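# Inside the fold
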Amino acid sequence: MLKEFTCIICPNGCEIEAEIENDIIQSMTGAACPKGENYVRQEITDPQRNIATSVLVKGGNLPLVSVRLTNPIPKAEIFRAMEEIKKVTVYAPVKAGTILIKGILGYNSDVIVTKNVE
Ligand code: SF4
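Residues numbered from 1 in each chain as written. Predicted model: local features only at pLDDT ≥ 70, side-chain atom pairs only at ≥ 80, totals over all residues.

## Examining helix α1 (residues 34-45)
- Between its terminal C-alpha atoms α1 stretches 17 Å, which fits the 16 Å expected from 12 residues at 1.5 Å a residue.
- Within α1, burial applies to G36, Y39 and V40. Burial along α1 is one-sided: seen end-on, the buried residues are contained in an arc of 95 degrees. Among the exposed residues of α1, those pointing more than 90 degrees away from its buried face are P34 and T45. (Helix = DSSP H or I, 4+ residues; strand = E, 2+ residues; numbered from the N terminus. Expected span 1.5 Å × (residues − 1). Buried ≥ 20, exposed ≤ 12 C-beta atoms within 10 Å, placed from the backbone. Arc of directions from axis to C-beta.)

## Here we look at the sheet that holds strand β3 (residues 24-29)
- What the 3 strands build is an open sheet, ordered β1-β2-β3; its pairing is antiparallel. The sheet terminates laterally at β1 (2-6) and β3, the two strands that pair on one side only. Each strand of the sheet is rotated relative to its neighbour by a mean of 30 degrees, with strand direction disregarded.
- Alignment of β1 against strand β2 (residues 15-21), held across 5 bridges, turns out to be antiparallel. Residue pairing for β2: E4 is matched across the bridge by E17.
- Contacting β1, β2 and β3, α1 crosses the sheet at an angle of about 145 degrees to β3. (Pairing = 2+ DSSP bridges. Axes fitted to C-alpha atoms, helices over the stretch in contact; angles between N-to-C directions. Contact = placed C-beta atoms within 7 Å.)

## Brief notes about the pairing of strand β6 (residues 64-69)
- Side-chain alternation along β6 places V65, V67 and L69 on a buried face and L64, S66 and R68 on a face that remains uncovered.
- In this structure, strand β5 (residues 52-58) lies alongside β6, joined through 5 bridges in antiparallel fashion. Along β6, the bridge assignment pairs T53 with V67.
- The antiparallel pairing of β5 with β6 creates a hairpin that spans 5 residues between the two strands, and G59 there sits at a positive phi of about 75 degrees.
- In terms of strand pairing, β6 meets strand β10 (residues 111-113) through 3 bridges, oriented antiparallel. From the neighbouring strand, R68 faces β10, where its bridge partner is I112.

## A word on the sheet that holds β6
- With mixed pairing, the 5 strands of this open sheet are ordered in space as β8-β5-β6-β10-β9. Only two strands of the sheet have a single partner each, and these edge strands are β8 (89-91) and β9 (99-101). The sheet shows a mean angle of 40 degrees between the axes of neighbouring strands, taken without regard to direction.
- Two strands pair when backbone bridges link them, and β5 and β8 are joined in this way by 3 bridges, in the parallel orientation. Bridging from a neighbouring strand, K58 pairs with Y91 of β8.
- Seen against the sheet, helix α2 (residues 78-86) touches β5, β6, β9 and β10 and runs at an angle of roughly 15 degrees to β5.

## Comments concerning the domain arrangement of the protein
- Taken domain by domain, the protein holds domain 1 (2-45) and domain 2 (52-113).
- Its C-alpha centre places domain 1 at a distance of 29 Å from the equivalent point of domain 2. (Domains from an automatic or database assignment.)

Next up, the structure:
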């Protein structure tokens, strides 16, 4: 079966076509570098995603601050991770790089602030 993927590893966004039989890649075209092939292999076996969202700030010059994960987590866990992140409120001032949740859902991925709020 021919499957199409858009590589999300870098801004090039290569369109990759892979011929897959029984979860085994028979051939692949369209990746401009080996990272794209690795991405497709990961997508087939254990898809991972990062999260970029925001959390509430109390007492700051902005009502929200942007956050992201330090490492991607399984795609199937994104909804549960978002529920955990939604529970967080920070108090200004807050600095970029501050860890808000260490090891979210037990994964090797922290939720960190990506912006300063005075
Ligand atoms: S295949 Fe390589 S060049 Fe293309 S989007 Fe992925 S990482 Fe970027």
